[in-house]
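Here is how the chains run, residue by residue.
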Amino acid sequence: MRLTLNIATLKFRLTVVVIGLVLLATSVLTFVSLYLAERQMRDVIGSQQVALLSSAAAYIDADLESRQTLLKTLREELGRSGGHPEGGLQAFLEAHATLRDEFFNVLVFDSTGTMLANMNDRRTNNTLNFGKRAYFTETVAAREGVISKPFKSALSGKPVILVTEPLYDEQGKLIFMLGGAIDLQRPRFFGQLEALGSGATGYLFMLTNAGTIIHHPDKERILQRVQDEAGGAVASTMAALGGFEGWIEGPTKRGVRALITYKRLRKTDWILGAVYPVDEAFTPLIDMRPTALLASVAVAALAGLAGWLAILRLLRPLGALRGHVAGIVDGSAGIEVFNVRGRDEFGELSRAFYTLSQQRRQAELKLEAQARTDILTGIDNRRMFEETFAAALGRAARGNTAIALAYLDIDHFKTINDTYGHKAGDEVLVEFARRLRAAVRSTDSVARLAGDEFVAIFEGLRDDVEPTILAEKILDMARTPFLAAGASLQVSTSVGIAVGRGNAAGAGDYLALADEALYAAKQAGRDRYAMRRLGTASKGTPQATRPQTATDNA
Ligand SMILES: Nc1nc2c(ncn2[C@@H]2O[C@H](COP(=O)(O)OP(=O)(O)OP(=O)(O)O)[C@@H](O)[C@H]2O)c(=O)[nH]1
């Protein structure tokens, strides 16, 4: 089977439309699904980040609290010794080596802020005074331990925070103040937090509520105020400094689009933040995109194929209809092929074609009949006569039977017209035709050739007498008065008869001979017939023949 592609066909256009719509629908559906999935996933990831950060904040709170507790235990131990531990303060500190696990340095200040002992460098003891430092004055004012703001250590130069615990005597006078320094860059403090960063490059960071960076993977930024950095703080961080907690999608300082989550620490009111780059957060979805698109294209292709097959199936009656029309055009089919039973639109269309074709056929038949009928009298006209006579001659030739042609002309018809008018003449012609039809046998044919000239064909004649009997009948029927224009008209006719047998001669010979006989009847006085017989000619060479016999009823 040869497959040709005709883009003008309804089938092709419907297929294109179906495939296009399916492709569009699946693409839109895929994009909308992916978009909704991304939105939902972002909400889920955001909530996860909030939960993660809450746990981390609780962990830091607990961590700072445990360090404060540790320092409190140390203070109580110092208190129990009345502020005079055995071996002195320096020895007392050094005896608690485990403090190093929690603090970068532990210091003891006197009531004025002079550092009396520290774990890192005993040479600096009694040489430095920190009485004006904020953590010292704040502790004195609060009369309890505080967690300092981050600052650069005067001893180590490292960014630290200090946890303090004051020791009072029984009179409530400050004797000593313990300070535990936490190195902000030391893994011990935020080590676990760094592991909580989401994705490959996600990370956690921490700021004070004033914007000073406490923790950040970029160590250079620690102790910087985000507001003072080049370009200022990003919008989300400004919102967090303003009190926002939760997750937000926005750019980081380095311009990476990320889900950024903020959570305040209960104990210090610091801000813990988490950055999760969007690209990494949505990696599963982004990875899924080509697969989803491929799947949607595959679905569209399958649906398109199904649509195409459905269209082929549905349009099959249309193909059949087209075939029927072509069949009728080339004559290989009749209009009956349109008379189908289908109840769909194609069935209705086919039946409408059938009805239309039937009507057309009937109109054609009517036209054909009209073309062969004499309009005035309703009997056959000359054209029909020629066909009928040719067929009759054929039958006579095949059956070798006798046949006669009677040529009639109403006598003095012109006078009727002239005397009673053309209309009356018409009435006579109509009545004459009716009587002629009635006078001859049912198997005989009659026709009006022109004006007042008529013919009658007599077939299957038994003998020579029969045409003369028929001619007499015709003469008789004409003699009965005609009613026309309110008058009774006496009419007569003359008849010329040509009789032959088998294929004796052609139609023209019969007509000529009958006309000749008619002329003879007219000459003999009218209201009579004259008969002429055609001689036989050799078969296959029809020719004009001379009459052999003549019979007149004059
Ligand atoms: N009313 C009427 N007259 C017609 C019609 N056709 C022809 N005629 C007339 O019929 C007449 C025929 O006259 P002819 O046959 O020549 O002469 P006639 O008067 O019959 O004389 P004869 O044939 O010699 O007896 C003419 O006057 C035509 O005008 C027609 O359809 N209706």
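Residues numbered from 1 in each chain as written. Predicted model: local features only at pLDDT ≥ 70, side-chain atom pairs only at ≥ 80, totals over all residues.

Between its first and last C-alpha, helix α14 (residues 465-479) extends 21 Å over 15 residues, near the 21 Å set by a 1.5 Å rise per residue. Within the span of α14, buried status applies to P467, L470, A471, I474, L475 and A478. Along the axis of α14, the buried residues cluster in a sector spanning 140°; they form a single face. Facing away from the buried side of α14, by more than 90 degrees, are the exposed residues V465, I469, D476 and R479. At its buried positions, α14 is contacted by β11 (402-410), α13 (422-439), β13 (453-461), β16 (493-501) and β17 (529-534). (Helix = DSSP H or I, 4+ residues; strand = E, 2+ residues; numbered from the N terminus. Expected span 1.5 Å × (residues − 1). Buried ≥ 20, exposed ≤ 12 C-beta atoms within 10 Å, placed from the backbone. Arc of directions from axis to C-beta. Contact = placed C-beta atoms within 7 Å.)

With that settled, consider the confidence of the model for the protein. Of all residues in the protein, 94% have pLDDT values of 70 or greater, and the mean over the chain is 88. Note on residues 536-549: pLDDT under 50 across the span, and 23 contacts to partners over four residues away in sequence or across chains. Quick note on the complex model: pTM equals 0.54, ipTM equals 0.97. (pLDDT = per-residue confidence, 0-100.)

Now for the UniProt feature "transmembrane region" (unreviewed entry) in the protein. Listed under "transmembrane region" (unreviewed entry) in the UniProt record, and renumbered for this structure, are residues 12-37 and 292-312. The straight-line gap between the two end C-alpha atoms of residues 12-37 is 37 Å; of that span, 100% is helix and 0% is strand. Measuring from the first to the last C-alpha atom of residues 292-312 gives 30 Å, for a span that is 100% helix and 0% strand. (UniProt positions renumbered as here; feature names shortened; annotations may be inferred.)

Turning next to the packing of helix α9 (residues 316-329) against helix α10 (residues 345-371). Packed helix pairs are characterised by how far apart their axes lie and by the angle those axes make with each other. Relative orientation of the contacting elements α9 and α10 amounts to 15°, with a least axis distance of 9 Å. Classified by the angle their axes make, α9 and α10 are roughly parallel. The chirality of how α9 crosses α10 is left-handed. Facing α9, whose interface residues are P317, L318 and L321, α10 presents F346, G347, L349 and S350. Its residues assigned to classes, the contact of α9 with α10 comprises five nonpolar, two polar and no charged. (Axes fitted to C-alpha atoms, helices over the stretch in contact; angles between N-to-C directions. Parallel < 35°, antiparallel > 145°, perpendicular 65-115°, else oblique. Left-handed = near helix turned anticlockwise from the far one by under 90°. Nonpolar A, V, L, I, M, F, W, Y, C, P; charged D, E, K, R; others polar.)

Moving on: the pairing of strand β12 (residues 445-450). In the sheet, β12 pairs with β13 via five bridges, with the strands oriented antiparallel. The residue bridging A447 from the neighbouring strand is V455, located in β13. What sits between the antiparallel neighbours β12 and β13 is a turn of two residues, in which G451 has the positive phi angle 45°. (Pairing = 2+ DSSP bridges.)

Counting residues in each nonpolar core, the largest one holds 58 residues, and the members touching the most others are V108, F109, I182, L207 and L272. For this core, the element with the highest residue contribution is helix α1 (residues 10-80), accounting for nine residues. When residues no more than four places from it in sequence are discounted, the contact partners of L207 are T212, I213, I214, V226, W270, I271 and G273. Counting 49 residues, the second largest nonpolar core, distinct from the first, contains F385, I403, L518 and M531. (Core = buried A, V, L, I, M, F, W, Y, C linked by C-beta atoms within 7 Å.)

A few words now on the sheet that holds strand β1 (residues 105-110). If you walk across this open sheet you meet the five strands as β2-β1-β5-β4-β3, and the pairing is antiparallel. Both edges of this open sheet fall to β2 (115-118) and β3 (151-152), since each of them pairs with a single strand only. Pairing analysis gives two bridges linking β3 to strand β4 (residues 159-168), with the strands arranged antiparallel. Paired with K152 across the strands is P159, a residue of β4. Across the sheet, α1 touches β4 and β5 (174-183), and the angle it forms with β4 is around 35°.

It is worth spelling out the site of the ligand at this point. With respect to spatial proximity, 16 residues lie near the ligand, and among them F413, K414, H422, G425 and G451 are the closest. Its residues assigned to classes, the shell around the ligand comprises four nonpolar, six polar and six charged. (Near = placed C-beta within 6 Å.)

With that settled, the discussion passes to α1. Between the first and last C-alpha of α1 there are 103 Å, a value that for 71 residues agrees with the 105 Å anticipated at 1.5 Å per step. Remark: G82 follows α1 within two positions and exhibits a positive phi of approximately 70°.

Right, let's talk about the sheet that holds strand β10 (residues 271-277) for a bit. Pairing in this open sheet of five strands is antiparallel, and the strands run β7-β6-β10-β9-β8 from one edge to the other. With one partner strand each, in any of the chains shown, β7 (213-215) and β8 (246-251) form the two edges of the open sheet. The average angle at which neighbouring strand axes cross in this sheet is 30°, direction not considered. Note: strand β6 (residues 203-207) against β7, two bridges, orientation antiparallel. Bridge assignment links L207 to a residue of β7, and that residue is I213. The strands touched by α1 are β6, β8, β9 (257-264) and β10; relative to β9, the strand with the most contacts, the crossing angle is about 40°.

This brings us to the environment of A58. Its location among the elements puts A58 in helix α1. You can call A58 partly exposed: it has 14 C-beta atoms within 10 Å. Here the alpha-carbon distance between A58 and R264, two residues 206 residues apart in the chain, equals 9.8 Å.

Looking now at the pairing of β1. Burial within β1 is extensive, with five of its six residues counted as buried. Sheet analysis places β1 next to β5, joined by six bridges and oriented antiparallel. In the sheet register, V108 faces β5, and the bridge partner there is L178. Direction of pairing for β1 relative to β2: antiparallel, over a ladder of three bridges. If you follow L107 over to β2, its bridge partner there is N118. What sits between the antiparallel neighbours β1 and β2 is a turn of four residues, in which G113 has the positive phi angle 105°.

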